[in-house]
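# Analysis of the macromolecular model
Here are the chains, one letter per residue:
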Amino acid sequence: MEVTARAPGKIILSGEHAVVHGSTAVAASINLYTQVSLRFSNESNDGLLKFHLKNMGFEFSWPIERIKEVLPESGSPRSSTPRSCPPESIIAITNLVEEQNIPEAKIGLAAGITAFIWLYTSIHGCKPATVVVTSTLPLGSGLGSSASFCVSMSASLLASSDAVNLDLGHQGWFSFGESELELVNKWAFEGEKIIHGKPSGIDNTVSTFGNIILFKSGKLTLMKSSMPLKMLITNTKVGRNTKALVAGVSERALRHPDAMAHVFTAVDSISKEFSSIIQSPASDDLSLVEKEGKLEELIEMNQGLLQCMGVSHASIESVLRTTLKYRLASKLTGAGGGGCVLTLLPALLAKTVVDKVIAELESSGFQCLIAEIGGKGVEICFDGSS
Ligand SMILES: Nc1ncnc2c1ncn2[C@@H]1O[C@H](COP(=O)(O)OP(=O)(O)OP(=O)(O)O)[C@@H](O)[C@H]1O
Ligand SMILES: C[C@@](O)(CCO)CC(=O)[O-]
Ligand SMILES: [Mg+2]
């Protein structure tokens, strides 16, 4: 039997970085996905754990016996009890990853492969299998590729474990029940910790549950927007690493605790106001245009505070200057330092203007897309019946 899971990427509308320090943030799923397929091999077969990154053309494999030797604890997996990877296991897994001789230019993948080995061996122990990953998300660009990788991985592993009871006769994509989703989210968070260092959990949570969410200190509230939220996403194509950016903000907060506490509080207020505006119905008191005007101001204020945290970048500033020429408000999304920028496209904005902004951004070498936001979270399907 083959089981496949797919989990969406995300945009953060307000509150990245500050959310790691306890502030409120607002995030939405987008219609770009990571997909993971898992098929167990016959015990008598080649005795390998195979891991294919299909888009990138990489095929890695480890003899099961070698994994048992390096990770003796993997003999007793506990799929229903999410566990953090202890430092000694990180060292052991790093050895397994290094044996694969990943090219230097792709060394960022090592973190994802480490998370895979931890999740696989913790949930399934030492069974031979083939795991194939495909993704339509750009990696390391702020759209939550690491979280959607960890969520789709955890979902495919759990769907084929004793921890969840599923109807194998299901046709096409279907969703887990609430308690299974919670378990997927917890395991994915353990994977994110390996990739990110100190994640807030917002990325894996929105990838698991989909929708638009309000998130604070590990707790989510599902939201419904009462207004259209059309977002232009511009990828600066400047590579960066969330772990390093998150650590940089924490170091700044240690150096200037008072000032940074005020920055985080200001972001908290911005996220709360943002969520109340998008949820409140348009009325005579506040028309759609007025609501959009307020959101634009909050977006600009949030970007200013992100710059204050030290996570903007020349490429991000360049996108902001271009969109400002068209009176459009933008902010970085995700960890910053490059990666993607969000621009609110007001509902009544003429298509000719949208086309012009996109043309100008793309002529500078950036890549634009308009994603659908707030769709479903993680889903699974059996035997390619999608
Ligand atoms: N499809 C994938 N296959 C293997 N590893 C992946 C995949 N997607 C993500 N990763 C891992 O996640 C890393 C990127 O995560 P990172 O958190 O830096 O960026 P992001 O998640 O795209 O952006 P953000 O965290 O700002 O939303 C990659 O370097 C890799 O280790
Ligand atoms: C930068 C950050 O706030 C969001 C990354 O998408 C990190 C996190 O919350 O884990
Ligand atoms: Mg990430």
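Note that the coordinates shown come from a computational prediction; the quantities given were computed from them, not determined experimentally. Sequence order as written defines residue numbering, which begins from 1 separately in each chain. Numbering of ligands from 1 and lettering of chains from A proceed in the order in which they are written. Residue-level local features of this predicted model are given only where pLDDT is at least 70; pairs of side-chain atoms are given and counted only at 80 or more, and the full residue set underlies all totals for whole chains, interfaces and linings. As a convention, hydrogens and water are excluded, and side-chain values are obtained from all of the structure's heavy atoms.

## Concerning the site of ligand 2
Put simply, a residue is near a molecule or strand once any heavy atom of it comes within 4 Å of that molecule or strand. As a matter of local geometry, ligand 2 sits amid 14 residues, with Lys-10, His-17, Pro-199, Ser-200 and Asp-203 nearest to it. Each polar contact in these results corresponds to two N or O atoms within 3.5 Å; when the atoms are within protein, one needs to be able to donate a hydrogen and the other to accept it, and residues that are neighboring in sequence are counted only if both atoms are side-chain atoms. Between Ser-200 and ligand 2, the recorded distance is 2.6 Å, taken from a side-chain N or O atom to an oxygen atom. In the model, an oxygen atom of ligand 2 is placed 2.6 Å from a nitrogen or oxygen of the Asp-203 side chain. Secondary structure counts use DSSP, requiring at least four H or I residues in a row for a helix and at least two E residues in a row for a strand, with both numbered from the N terminus. At the level of secondary structure, the elements contributing two or more residues to the shell around ligand 2 comprise β1 (2-14) and α6 (202-209). Looking at the shell around ligand 2 residue by residue, the class counts come to 7 nonpolar, 4 polar and 3 charged. Throughout the structure description, domain borders are defined by an automatic or database domain assignment. When residues of the shell around ligand 2 are sorted by domain, at least three fall in each of domain 1 (2-221 + 374-382) and domain 2 (225-370). Here the term charged refers only to Asp, Glu, Lys and Arg, the term nonpolar to Ala, Val, Leu, Ile, Met, Phe, Trp, Tyr, Cys and Pro, and the term polar to all other amino acids, Gly among them.

## Structural notes on the packing of aromatic side chains
Each aromatic pair joins two rings of Phe, Tyr and Trp (for Trp, the six-membered one) with centres within 6.5 Å, and gets the label stacked for planes under 30 degrees apart, edge-to-face for over 60, and tilted for any other angle. Under the definition given, this model contains 6 aromatic pairs. Here Phe-51 and Phe-116 contribute two aromatic rings whose centre-to-centre distance is 4.0 Å and whose plane-to-plane angle is 10°, an arrangement assigned as stacked. Of this pair, Phe-51 sits in strand β3 (residues 48-53) while Phe-116 sits in helix α3 (residues 109-124), and the two are 65 residues apart along the sequence. Assessed through its relative accessible area of 0%, Phe-51 is described here as buried. Ring geometry for Phe-116 and Tyr-120: centres 5.9 Å apart, planes at 45°, overall tilted. Of this pair, Phe-116 and Tyr-120 both sit in helix α3, separated by 4 residues, roughly a single helical turn. There is no split in this pair, since Phe-116 and Tyr-120 are both buried. Ring-pair connections join several aromatic residues into one group, and the members of that group are Phe-51, Trp-62, Phe-116, Tyr-120 and Phe-149. The rule for a charge over a ring is simple: NZ of Lys or CZ of Arg within 6 Å of the ring centre, and within 35 degrees of the ring normal. The aromatic ring of Trp-173 is capped on one face by Arg-6, whose charged end is 4.3 Å from the ring centroid. We note Lys-127 situated over the ring of Phe-40; from NZ or CZ to the ring centre the distance is 4.4 Å. Each residue gets one of three labels from its accessible area relative to the maximum for its type: buried under 20%, exposed over 50%, partly exposed in between, using a 1.4 Å probe on protein chains only.

## Some details on the UniProt feature "domain: GHMP kinase C-terminal" (unreviewed entry) in the chain
UniProt positions are given in the numbering used here, feature names are shortened, and annotations may be inferred rather than shown by experiment. According to UniProt, the "domain: GHMP kinase C-terminal" (unreviewed entry) feature falls on residues 294-358. Regarding residues 294-358, the helix share stands at 55% and the strand share at 14%, and the terminal C-alpha atoms are separated by 23 Å.

## Considerations on the coordination of the magnesium ion (ligand 3)
For Na, K and Ca the donor cut-off is 3.2 Å; for every other metal, N, O and S atoms count as donors within 2.8 Å. Water does not enter the count, which can leave sites looking incomplete. Distances from the magnesium ion (ligand 3) to its protein donors, namely Ser-146 (OG) and His-196 (NE2), fall within the range 2.1 to 2.3 Å. Pair noted here: Ser-146 is in helix α4 (residues 145-159) and His-196 is in helix α5 (residues 178-196), with a separation of 50 residues, a long-range link.

## Quick notes on the pairing of strand β9 (residues 330-333)
Should DSSP find at least two bridges between two strands, the strands are taken to pair. Note: β9 against strand β10 (residues 340-344), 4 bridges, orientation antiparallel. Bridge pairing in β10 links Lys-331 to Leu-342. From the end of β9 to the start of β10, which pair antiparallel, there are 6 residues, and Gly-334 there has a positive phi angle of about 90°.

## Topic: the domain arrangement of the chain
Segmentation of the chain into domains returns domain 1 (2-221 + 374-382) and domain 2 (225-370). Across the contact, 29 residues belong to domain 1 and 35 residues belong to domain 2. Together, the buried faces of domain 1 and domain 2 total about 2,400 Å²; carbon and sulfur atoms form 64% of this surface. Throughout, buried area stands for the accessible area (probe radius 1.4 Å) lost by two parts on being put together, summed over both. Ranking the residues of domain 1 by area buried against domain 2 places Leu-13, Glu-16 and His-17 at the top, with a combined share of 26%. In what follows, salt bridge is the name for a side-chain nitrogen of Lys or Arg lying within 4 Å of a carboxyl oxygen of Asp or Glu. Here domain 1 and domain 2 share 2 salt bridges between them. For the salt bridge of Glu-16 with Lys-331, the shortest nitrogen-to-oxygen distance reads 2.9 Å. Counting every contact that joins domain 1 to domain 2 gives 13 residue pairs in polar contact (both at pLDDT 80 or more). Those elements that place two or more of their residues in the side of domain 1 that touches domain 2 are β1, β2 (25-40), α5 and β6 (212-216). The biggest single contributor to the side of domain 1 that touches domain 2 is β1, with 5 residues. Split into classes, the residues belonging to the side of domain 1 that touches domain 2 amount to 14 nonpolar, 11 polar and 4 charged. In what follows, residue pairs with any heavy atoms lying within 4.5 Å of each other are defined as contacts.

## Focus: the UniProt feature "domain: GHMP kinase N-terminal" (unreviewed entry) in the chain
Per the UniProt annotation, the sites labelled "domain: GHMP kinase N-terminal" (unreviewed entry) are residues 124-210. Within the segment residues 124-210, helix and strand shares are 49% and 8% respectively, and the terminal C-alpha atoms sit 26 Å apart.

## Observations concerning the environment of Thr-323
Residue position: Thr-323 is located in helix α10 (residues 314-325). Given the relative accessible area of 0%, Thr-323 is considered buried. Through-space distance from the C-alpha of Thr-323 to that of Ser-217 is 33 Å; in sequence the pair is 106 residues apart. Each residue touching Thr-323, except ones within four places of it in the same chain, is listed here: Leu-328, Ser-330, Thr-343, Val-357 and Leu-361.

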